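Residue-level listing of the chains:
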Amino acid sequence: MATTTSFTEDLYVLLTRKYNPDYKHLDNHEFVGTMTYGSDPTRPDTSDNSYECNVTEHYIARVEPVSPNIRVSVIKKALEDHFRVGCSCEHDCCGHSFGGVRQIKYLGDGHLYSITCGYARNY
Ligand SMILES: [Zn+2]
């Protein structure tokens with residue numbers, strides 16, 4: 001079932017990459033703005049099926065950069081950092097999701113981005 005829920009979150013670009021995604025908040029990071037995003041209503045939503053091992057998610061995000069000088073390439077990096085997921089379990093088959101952005105398209109006007117993410121579970 002498609003969802004109309006949207007989220008507004010702070011967006012950071014990582015300046016270091018010392019930690020795995022579970023601890024990415026410990027890396028040095030820089031605030032680039034806020035983003036509001038929801039599932040793309042024009043695409044089938046497969047994220048509800050939590051028993052699927054491979055899930056593809058599509059989002060449309062509107063980014064409000066903290067400064068007009070922030071480049072699209074930096075925002076794309078921050079979006080990749082935001083959606084990258086992993087866990088720090090030290091064993092297989094924990095069931096947690098791994099993955100992140102497979103494709104980002106800058107849609108232009110109004111700082112809109114189309115984001116495709118792919119996640120697999122550690123089974
Ligand atoms: Zn895990």
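Check the entry above for the structure.
The present account deals with the structure reproduced in this document. Quick caveat, the model's predicted, so the values are computed rather than measured. (Residues numbered from 1 in each chain as written. Predicted model: local features only at pLDDT ≥ 70, side-chain atom pairs only at ≥ 80, totals over all residues.)

## Description of the environment of R84
Move 1: Mapped onto the fold, R84 is located in the loop between helix 1 (72-83) and strand 4 (97-108).
Move 2: C-alpha separation for the pair R84 and R102, spaced 18 residues apart in sequence, amounts to 10.0 Å. (Helix = DSSP H or I, 4+ residues; strand = E, 2+ residues; numbered from the N terminus.)

## A word on unusual backbone geometry
Move 1: Unlike most non-glycine residues, C93 shows phi in positive territory, near 65 degrees.
Move 2: Within the element layout of this structure, C93 appears in the loop between helix 1 and strand 4.

## A look at the pairing of strand 5 (residues 112-121)
Move 1: Examined bridge by bridge, strand 3 (residues 54-65) and strand 5 share 9 bridges and lie antiparallel to one another. Note on strand 5: the bridge partner recorded for Y59 is I115. (Pairing = 2+ DSSP bridges.)

## Quick look at the environment of Y59
Move 1: Mapped onto the fold, Y59 is located in strand 3.
Move 2: Assessed through the 22 C-beta atoms surrounding it within 10 Å, Y59 is described here as buried.
Move 3: Spatially, the C-alpha atom of Y59 lies 5.9 Å from that of S114, the residues being 55 residues apart in sequence. (Buried ≥ 20, exposed ≤ 12 C-beta atoms within 10 Å, placed from the backbone.)

## Topic: the pairing of strand 4
Move 1: With 10 bridges connecting them, strand 4 and strand 5 associate as antiparallel partners. Bridged to K105 within strand 5 is S114.
Move 2: Between strand 4 and strand 5, which pair antiparallel in sequence order, lie 3 residues; one of them, G110, sits at a positive phi of approximately 80 degrees.

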